[in-house]
Every structure is written in structure tokens, then in C-alpha cells.
2 protein chains.
Amino acid sequence: MSEGKDALTPLPPGSTIGILGGGQLARMMAVAAAQLGLHTHIFSDVSGPAFDVAPRATSGDYNDQDALATFAAAVDVVTYEFENVPVAAADFLQLKVPVRPGSKALTIAQDRLREKTFIADLGITVAPFAAVDCTDDLAQAMRAFNAPAILKTRRLGYDGKGQQTVAPKGDHRAAVSALKEAPAILEKRLEFEAELSVLVVRGQDGATCFYDCPRNYHSAGILHHSTVPAGLPSSVIEEARTIAATITEALDYVGVLAVELFYLGEPSVLAAGKSAVSLVVNEIAPRVHNSGHWTLDACAISQFENHIRAVAGWPLGSADRHSDAIMHNLIGHEADDWRELASQDGACVHLYGKRQARDGRKMGHITRLSQLRPKS
Amino acid sequence: MSEGKDALTPLPPGSTIGILGGGQLARMMAVAAAQLGLHTHIFSDVSGPAFDVAPRATSGDYNDQDALATFAAAVDVVTYEFENVPVAAADFLQLKVPVRPGSKALTIAQDRLREKTFIADLGITVAPFAAVDCTDDLAQAMRAFNAPAILKTRRLGYDGKGQQTVAPKGDHRAAVSALKEAPAILEKRLEFEAELSVLVVRGQDGATCFYDCPRNYHSAGILHHSTVPAGLPSSVIEEARTIAATITEALDYVGVLAVELFYLGEPSVLAAGKSAVSLVVNEIAPRVHNSGHWTLDACAISQFENHIRAVAGWPLGSADRHSDAIMHNLIGHEADDWRELASQDGACVHLYGKRQARDGRKMGHITRLSQLRPKS
């Protein structure tokens, strides 16, 4: 099925949205779809939290074309909850059923080198970077940066996994072998004042809307909490949104895209011959995003619902929020405090139904709301 | 399993809540339970909208004790989405697993005569009523009322089904036979200024909280829309809440209870020897209620979540609302306009996933939010 004239015909209630991946993001998308009278069918290599709330779920290998074909025949459109779905699976599915966001976003987002190159080619500033395939590459790039940097595998890795900090006079060979000689990218470490993300939704008709930008606080490479409003100058938020819009346009994107940025504070020149900038894109995620979980409680229409609306070809809903919010992730055994958390006034408790708490595993989140101040 | 000392130990995430009934109320309860990391298991005589979002669902007869026993063994607590669950089923389950709200609320709420008598015995005003088992009973009661009245079957019937309007000089025999000679109750028709409902939640520890009272507008016996705030004097709201609290206490109730009332405006004397009143209880529903659907969008914690919290022995969440709201039911083919409704700014769309639209069938609802005015 190709995306032809019918691409703008919204899928009616009763249609089925296929979701690749069975974790908490798929779970929250499935619930959002159900609210709109849409069915979901999860396809995942392992059983996960989404299996409990979706009418249909398949455990299958992403490389099993028979299983993918059966899945494609049972759904009207496919989306995904994570950017590491094998591109071959998305390409295979795309021959049979629309995949949104498409495989272009996937191809770019799952390779950090390709992602940085793509964004830089749009005229958007990213941290100085270099491809690293061996110790010599690393040594050469470190000489050029002459500053602390982070070596990351080009593929896979999330929540700080697959990353090594490298000092100018550090042990380059050790860093490369810590990543098991995997193709990598070296990124210059930047001093920044704040981390923020843009949550942008783009519909099939190109209509775009933005949630308020959260300010994000990481700990040990994992998102710890996000706050809205971000408490940053409105000119910064506007610029961040413009950047995100440029990226979604270039990808002909459909759905929620998250763009993570560093705000440097005072504008800085990051590389010789470049203008001073105060915003730098760190990475993009072609999916609903952890830094947007507060939208479930602080907005009438969450990022999950708007992603489903976009993917199903529906009109987008308002991204306005009615409250200020702080979203805290519950990592590992933090979720064991559910009873205490549930008794806190104004805490919205979200638990993902994972059977086992492990260090660093996202088990749930809490959103604390406070009333919007009247506009004066 | 009896309700002993452990009654106040909340069920931990991963526990299973059994729900009798598989319609949209069960569906919205199942989604709320999932958010808290709780599983649900639906038991219903027919497959319905809840089957799509619950990890387990059983189609079974409410009179099949083997099926009920299997269900009871698979769940940690049982609740229900409608008051016409056979009391025998609830009683049977209660021997094996806690049933909340208990069978007392069920027994009372499923018999209109018993319900009115129970409420009146608490010193709360209801419309003048009389038991009607035959045409003679009806004639006698109509002579006493000397005013238009409504003949309702004592059992079953909802959304205006099983009801007949009776005029003082009407055909009594026809009215009785229209209800197929079923045991009935005659209620004097009251002139009222407004209909409102109280949505009260009571926890296992007796803690009680109230959502804002919606004002309800019916059409052809079916709830058409509800608005919050109700636009009624605060003294009326306070009195309505006191009435609801009295009822929940008397039932030793756990969960959400809806109390539907008529506000008469000027206080009236309804029966000789009684004081003038301005609030009259119409009926109670021992469950989450259609007039509380706006809480999904206008409150951080919905009636569904608070019902699940109460049933699971969790602390109740705040019932505060962040926005004003109007909730419109989508009846029958009104839901066919989903595309237009989804494009309306500020409309939160809820579709129940029912396969077939029929006249009078609730297919979904829309909540329209408007920002709370700052308190001045």
C-alpha cells in the first residue's frame, strides 16, 4: 500500500494501529489510541508493559519477515516507540502498510553520526563531532578539540549506555576498546546552562503544534526530572521551536518528534569560522519522549494522543497546558515507594507494570501539578 | 477471605482487580488501574469495550458459579461497573474475595423501592413514592398524589427504560401492562429547577472526598450533558454533599458513589407534615457515573482512578479540578461526527470502541474545557 491520495483520509474508529515495541511508551500510546476508539496491535521481540493494555500483541523477531507480514496484514498503519527498530523491518513493513514516522527518520536517528551530519547540514548547530572508527581517529579528533569529549557508539545505546568520557590526555585505546571497537562518534563536551527539549507534533497535512518546552535534568545519563515552564527566556524557546520545525520539515515527519538541546547561556563560538550560538542540538528522538510525560496530566491532550492522532491522520489536538508541572522518573527501586507517593497531594502516579525493578530501569513516573498563574 | 485487619493494606502494583461488567465504565476503570500498575480482569456476560484494554477478560454467565469461582481465584478484589449485577453473584464472590462496594449497596441500588425506602429512612427527602404491584395499587397511589407521576419497574431499567408517565386521569391498567406487570414503584413527578449529582469517593479508611457537583441535563431519559461548575448556590452544593456523605456512611461504602438530585429552587413541602425542602434525591448509583466523565479531562485524578484507589485500599487522590468543563454524551450516530469533533479546539474526544451505533446507545463523550478563572 503506497501513501497516495488517501494519506489524508483519517483512519476511522475501529481501525488498528500497529506499534513496534512493547515498553511503557507503547503502553501509553495504546491507551491514548483506545480513548479515540482505535485498536492497537503491539509487535515486540519481548513481552512488555504494552501487552497488558492492547487488544492484540505479538511476540516476534524484528527480522522475521513472516511474522512482520502477518502483523502488517492485521493493521492499518504502523508506528514505533523506539528508534532502534531495525530499518530493514520498517522498510519491509512500508511496502505493505504506511509506517509513520517513516523509515527516513529511523535511519537518521539510529546512527548518531548520520544524525549529527543531517542536522548540521540543515544549518543547525550541534556540538563539534568527528567519526571514530579506531584509536587513531580518536587521537586525531581529540587533538583538534583539545577539550574533554564524549565517545559514543554510533548505534544503539540509550540512557547513557555505550558512552565514554575522554580527557585530552586520556587513554584513547582504552576508550575505544570500552566501546568494543564499535563504530563511534566523538562529541566535544559543552558547558551549558540548561538542557531543554522541544516536543513537536506534525500532522499528515503538515500542521504543526508544540508543547511547552520542558527543562530537563539528567543524572547518571538518565532523565531525572523535567519541569514546565522551563524558566528560560522566551526568545530561547522560540529559537528551539524553529530548530525543531526545520528538522520535522526536512524529515517530512508525521507524529511527535523530540529534539533535545543545550542552552549555553551567553552565545559562544563553538568552532573556528562559525557564528556564536546559544542553542545546540544534542539529539533527536523520532517518537514520543520521556521529557513529555507531564503532558498526560498537565494538558488536555497528551503527547501520546497527539502522536496517535498524527499517525492515524486525524486533526491534531491542542497542545496547551492547564498547569505547571514537574515530572520525576521513578528509577529502579524508587517505585517501591508507590504507597507514599500515592498519598502525596497533587502527585499523579504512573506505574508501568514492569515485573522487576532493576537499577536504572524506568519503572514509572510522578507528575506534580501546580495551578497556572492567571495571565497578567 | 474475610475483610479483617488486612482490609487497610493496599494492594501492591501487580495485583489484579476483578471488574464485573465489560462496558465503557469498566473500560475506563481498567485504564485507570493500568496507570497505577494494577492489572484488571473483566468478567461479563457479553464481550464489550473493556475487553480491549484489560489484560484478562472472561465471558461468562453471572449465575455460573464455576466460572465465578475461577474468576475469584484469579483476582485480589472485585468491583463492578453496574448495579444490576445479580446480588447472588456478588454474595458468592464475597465468600472468596472482597467485593467493593459491597453487596449491601448493590442490593439497595438495584431495587428502586428498597432504595427510596433506605434513603427516606436516613431522613433524606425523596420524591413521594408508593409500591405498585397491580392496577389497584396504582389507582390508589394516584388518588393520593393527585398529580402526574412516573411508574418505574422496581428492578432493571436504565436511561429511561422501564418507565411510564402516568396522568391523574390516565389509563392505569395500560401503564401497568406497559411494564409487563413487573413489580413497580410510582414516584410523584416533581417540578425542579435543576438536576445535579454528587460524585463522592470513600476510601477503606473512611476518608471521603468530593468532586465538584455537575449540573445534568437529560433528554429522553438519557444524560445529554453535564456542566461544572453547576452554577447553583454553594449552600445547595454543600447540602447535596452532606446528603451524599450520609448515604455513603450508612452503606459503609468503598469507592465512587453517585447521588442524583433535583434542586427545586424555592423550598417546597412535598408531603403533609413534612418540612419544606429544596433538594430531593432522585436515585443513587453505586459506581462511577456518566455525570463524572468530565473528571478524566478536568481533574488530575479522575473518578475512575479514585474508584480504583478506593477499591484497592490506596490513599484517595485529590478530586480538585483545574478547568471548567462541559461533558456531552455522544449517543447513537452522534459519534459518526468523530472527525469534526476531533478538529474542534479544546474538545477532548472519548470513543468507547463499540462496534455498532444504535439509537440511544452511548458511543462516546466529548469534554470541552475552559480555563478556570483565577480566584479573586
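Quick notes on the rules
Residues numbered from 1 in each chain as written. Chains lettered and ligands numbered in written order. Predicted model: local features only at pLDDT ≥ 70, side-chain atom pairs only at ≥ 80, totals over all residues. Heavy atoms only, no water. Helix = DSSP H or I, 4+ residues; strand = E, 2+ residues; numbered from the N terminus. 1 Å grid on protein atoms, 1.4 Å probe; cavity = no way out; pocket = protein on both sides within 12 Å on 5 of 7 lines; lining within 4 Å. Points joined across faces, edges and corners; volume = space filled by probe spheres on them. Nonpolar A, V, L, I, M, F, W, Y, C, P; charged D, E, K, R; others polar. Buried < 20%, exposed > 50% of the residue type's maximum accessible area, 1.4 Å probe, protein only. Lys, Arg positive; Asp, Glu negative; His and termini not counted. Salt bridge = Lys/Arg side-chain N within 4 Å of Asp/Glu carboxyl O. Polar contact = N/O pair within 3.5 Å; in protein donor to acceptor, adjacent residues only side chain to side chain. Least-squares fit on C-alpha atoms with pLDDT ≥ 70 in both. Contact = heavy atoms within 4.5 Å. Phe/Tyr/Trp six-rings, centres within 6.5 Å; stacked < 30°, edge-to-face > 60°. Buried area = accessible area lost by both parts, 1.4 Å probe.

1. Regarding unusual backbone geometry
All names here are of chain B. A cis geometry characterises the amide bond from Arg 100 onward to Pro 101, with omega recorded as -15 degrees. As for its placement among the helices and strands, Pro 101 is situated in the loop between helix H3 (87-94) and helix H4 (103-109). A cis amide bond, omega 0 degrees, links Val 228 with the succeeding residue Pro 229. Relative to the helices and strands, Pro 229 is located in the loop between strand S12 (222-228) and helix H8 (234-250). Unusually for a residue other than glycine, Asn 146 sits at a positive phi of about 50 degrees. With respect to the helices and strands, Asn 146 occurs in the loop between helix H6 (135-145) and strand S6 (149-153).

2. A closer look at empty space enclosed by the protein
In total, this model carries 5 cavities of 30 Å³ or more according to the counting rule given. When its volume is computed, the largest cavity comes out at roughly 810 Å³. Around the largest cavity, the lining comprises 39 residues; the ones closest to its centre are A:Val31, A:Gln35, A:Leu296, B:Val31 and B:Gln35. Within the residue set of the lining of the largest cavity, elements represented by two or more residues are helix H1 (24-35), helix H9 (295-298) and strand S16 (347-351) of chain A together with helix H1 (24-35), helix H9 (295-298), helix H10 (303-311) and strand S16 (347-351) of chain B. The residue makeup of the lining of the largest cavity, split by class, is 23 nonpolar, 10 polar and 6 charged.

3. Description of the side chain of A:Arg112
All names here are of chain A. As for its position among the elements, Arg 112 is in helix H5 (residues 112-121). Buried Arg 112, no salt bridge; nearest opposite-charge side chain is Glu 283, N-O distance 4.2 Å. In terms of polar contacts, Arg 112 uses its side chain to reach the backbone carbonyl oxygen of Thr 153, at 2.8 Å. Within the structure, Arg 112 has its side chain in polar contact with the backbone oxygen of Leu 156 (distance 3.0 Å).

4. A few points about the pattern of salt bridges
Considering all chains together, one arrives at 23 salt bridges over all chains under this definition. Close ionic contact of A:Arg287 with A:Glu83 constitutes a salt bridge, the shortest N to O distance being 2.5 Å. Here the residue A:Arg287 occupies a position in the loop between strand S14 (276-285) and H9, and A:Glu83 occupies one in the loop between strand S4 (77-80) and helix H3 (87-94), the gap between them amounting to 204 residues. The residues A:Arg287 and A:Glu83 share a single accessibility class, namely buried. The partner of B:Arg202 in a salt bridge is B:Glu249, with the nearest N and O atoms 3.2 Å apart. Placement of the pair is B:Arg202 in strand S9 (residues 194-202) and B:Glu249 in helix H8, with a sequence separation of 47 residues. A relative accessible area of 7% places B:Arg202 in the buried class. For B:Glu249, a relative accessible area of 47% corresponds to the partly exposed category. One network of salt bridges, with partners in common, ties together A:Asp212, A:Glu238, A:Arg241, A:Arg321 and A:Asp324.

5. A look at the relation of the copies chain A and chain B
The operation relating chain A to chain B is a screw motion whose rotation component is 180 degrees, with 0.0 Å of axial translation and a residual RMSD of 0.0 Å. When the rotation and shift are considered jointly, the pair of chain copies conforms to a two-fold rotation axis. Of every C-alpha in chain A, the one belonging to A:Val53 sits nearest the axis of rotation, 2.2 Å from it. Here 100% of the interface residues in chain A have copies in chain B that are interface residues too; the copies meet face to matching face.

6. Describing the packing of aromatic side chains
Inspection of the entire model under this criterion finds 12 aromatic pairs over all chains. Measuring from ring centre to ring centre gives 5.8 Å for A:Phe43 and A:Tyr62, while their planes differ by 45 degrees; the resulting arrangement is tilted. Placement of the pair is A:Phe43 in strand S2 (residues 39-44) and A:Tyr62 in the loop between strand S3 (56-59) and helix H2 (65-74), with a sequence separation of 19 residues. Judged by relative accessible area, which is 0%, A:Phe43 ranks as buried. Aromatic pair A:Trp338 and B:Trp314: ring centres 4.7 Å apart, planes at 35 degrees, arrangement tilted. Placement of the pair is A:Trp338 in helix H11 (residues 338-342) and B:Trp314 in the loop between H10 and strand S15 (323-331), with the two residues belonging to separate chains. Considered together, A:Trp338 and B:Trp314 belong to a single accessibility category, that of buried residues. In this structure an aromatic cluster arises from ring pairing among A:Phe43, A:Tyr62, A:Phe71 and A:Phe82.

7. Notes on the interface of chain A and chain B
Contacts between chain A and chain B engage 42 residues on the former and 42 residues on the latter. Between chain A and chain B, roughly 3200 Å² of surface is buried when both sides are summed, and carbon and sulfur atoms account for 62% of that area. Taken together, chain A and chain B are joined by 0 salt bridges. Contributing elements (two or more residues each) for the side of chain A that touches chain B: H1, H11, S16 and strand S17 (362-371) of chain A. At 5 residues, S16(A) tops the list of elements feeding residues into the side of chain A that touches chain B. Split by residue class, the side of chain A that touches chain B holds 25 nonpolar, 10 polar and 7 charged.

In short, the description is geometric, and any link to function would need to be established separately.
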